[in-house]
Amino acid sequence: MNKEVLSYFRRVGNLLIVAYLFLIGFYTFYYIFIGEPVRGIQDVAVSDYTAFLTGGKLVALGEGARLYDLELQFEVQKEILAPVEKVGLLPYRNPPFVALFFVPFTKLNFVDGYQLFAIVNIILLSIATYLLMCLFPRITTIRYWYLLPVTSLFGASVLALGQVSSIVFLGVLIAYGFIRQGKDYMGGFAAALICVKPHFLLLIPFLFMASKHKSKFLAGLALLGGFFFVMSVSISDLKFVMHYLSFLKNTENIMMASDPREMFSLYVLMEWMGFGKGVAYGANFFGYVVALGYLVKRELLGKKLDTDMTLFFGVLITLVFSIHVFPQDLILLLVPIFYLLSVNLERGRSFIFVEVVVLSLYFLPVLGVIGFAPFGSVWLLILSAVVGGEMLIHEKR
């Protein structure tokens, strides 16, 4: 009887999840491609696409040297959004080479460019979905599995906000696939795509630890990463190198569209608890070093690190200790979600704990919607500890 009741609730839960996926997918499509004639560009004006277009416009105007001049960004952004009145600034915060990609979009009408970039993101997420299938082939036995990336709140946020997290996600999947195959040079090359969003660079050491031929990984990373660096310096000169980190720190506040209520950050949670910025930064740095040091120690002791578990662990640690993590950035959680679903299918039976973890990760962005995102970092930290312990147990087997 208990099994029958559990099976009944699973079927009902599956139906609700499918209905939720279709609802999110329909609303996202409507928001991007249909709703604009009714609402004008006011809603789209507060999307991250505005910030990227601002960077592209500055490069197109030959103002790369002043790319991180907030006053100039504000003036350019007002021009882009006219006749909509701009109240605050959505700062362009990414490296200079990313702005170069958006130069062609400056030739388009604002809304047309926004919709075109959404199509680009749909293509990128579709490729990512295919790669997830290649990495976790058993996932295809789950009905409507292919809807998970695009119609999740992660994917919907990437599409609706015009975000570049899709590029980072794709880079991680490609690097992961190459490392699995022992092609570490190509893995390092693909990992350099993470440079698109600098706060995700915390993940690269974990990819490095997962690689077998570490010198080849570093060579591939240095090639594409070096190319991005040279391109950035040529666009924004050496001022980019000297002032970029301080710029990121100074723009990390609610006045610059970094609402702490939407940030899945242990740093923000510690600030909410009354800790000073210095203590919060120090705790994040210490926690990250301890987590990475744990893997380094296992490696030095001659323990073979499992590639899947290492990346799973790395994704969680990166999201916990990165300062700037919003719902769209949680798209990286699709890697552990698909991994856990695949493990369940491989075992031939469902484990309730695994299902609960998968659902908790999948719906984690809801905390950002209701303004309690920082508390999500606690759950991610707990799961990090669980995964770290599981890695230790796995080694002893």
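On a predicted model such as this, the values are computed, not experimentally measured, just so you know.

The rules behind each value
- Residues numbered from 1 in each chain as written.
- Predicted model: local features only at pLDDT ≥ 70, side-chain atom pairs only at ≥ 80, totals over all residues.
- Heavy atoms only, no water.
- Helix = DSSP H or I, 4+ residues; strand = E, 2+ residues; numbered from the N terminus.
- Rg over C-alpha atoms; globule rule 2.2 N^0.38 Å.
- Buried < 20%, exposed > 50% of the residue type's maximum accessible area, 1.4 Å probe, protein only.
- Contact = heavy atoms within 4.5 Å.
- Areas by Shrake-Rupley, 256 points an atom, 1.4 Å probe, with all protein chains shown as cover.
- Phe/Tyr/Trp six-rings, centres within 6.5 Å; stacked < 30°, edge-to-face > 60°.
- Axes fitted to C-alpha atoms, helices over the stretch in contact; angles between N-to-C directions.
- Parallel < 35°, antiparallel > 145°, perpendicular 65-115°, else oblique.
- Nonpolar A, V, L, I, M, F, W, Y, C, P; charged D, E, K, R; others polar.
- Polar contact = N/O pair within 3.5 Å; in protein donor to acceptor, adjacent residues only side chain to side chain.
- Expected span 1.5 Å × (residues − 1).
- Arc of directions from axis to C-beta.

Novice: Could you give an account of the overall build of the protein chain, with specific residues and numbers?
Specialist: Helix and strand counts for the protein chain come out as 21 helices and zero strands. Taken over C-alpha atoms, the radius of gyration comes to 21 Å for the protein chain, in line with the 21 Å a tight globule of 397 residues would show. Across its three principal axes, the protein chain shows a C-alpha extent of roughly 65 × 50 × 45 Å. The buried share among the 397 residues of the protein chain stands at 53%. In the protein chain, of all internal contacts separated by at least 6 residues, the share reaching a separation of at least 24 is 76%. Per element, the accessible surface of the protein chain, about 18500 Å² overall, is 69% carbon and sulfur.

Novice: Would you mind going over the packing of aromatic side chains in detail, with residue names and values included?
Specialist: As enumerated under the stated definition, the model contains 32 aromatic pairs in all. Where Phe-136 meets Tyr-176, the ring centres are 6.2 Å apart and the plane angle is 50°; that geometry is what we call tilted. Highlighted residues: Phe-136 in the loop between α7 (110-135) and α8 (147-151) and Tyr-176 in helix α10 (residues 165-180), separated in sequence by 40 residues. Tyr-176 shares its class with Phe-136; the two are buried. Aromatic rings pair up to connect Tyr-49, Phe-52, Phe-101, Phe-102, Phe-105, Phe-110, Tyr-114 and Phe-117 into one cluster.

Novice: How would you summarise the packing of helix α13 (residues 214-236) against helix α14 (residues 239-250) if you had to cite specific residues and measurements?
Specialist: It is the contact of α13 with α14, at a shortest axis distance of 9 Å, that shows an interaxial angle of 95°. What the angle tells us is that α13 and α14 run roughly perpendicular. Between α13 and α14, the contacting residues are Phe-229, Ser-232, Val-233 and Ser-236 on the first element and Lys-239, Phe-240 and Val-241 on the second. Considering only residue class, the contact of α13 with α14 consists of four nonpolar, two polar and one charged.

Novice: Which residues make up the side chain of His-324, and what values do they have?
Specialist: In this structure, His-324 sits in the loop between α17 (307-321) and α18 (334-347). Residue classification places His-324 among the buried positions, given a relative accessible area of 13%. For His-324, the side chain forms a polar contact with the side chain of Arg-93, separated by 3.4 Å. Here His-324 is in contact with Arg-93, His-199, Glu-252, Ser-258, Met-263 and Asp-329, once residues within four sequence places are set aside.

Novice: Quick one: what's the story with α14, residue by residue and with numbers?
Specialist: Taking 1.5 Å of rise per residue, 12 residues should cover 16 Å, and α14 covers 16 Å from first to last C-alpha, within 8% of that figure. All of the buried residues in α14 are Phe-240, Tyr-244, Phe-247 and Leu-248. Along the long axis of α14, the arc covered by the buried residues comes to 95°, so they all point the same way. Set apart from the buried face of α14 by more than 90 degrees, the exposed residues are Met-242, Leu-245, Lys-249 and Asn-250. For α14, the elements touching its buried residues are α5 (70-81), α6 (96-101) and α13.

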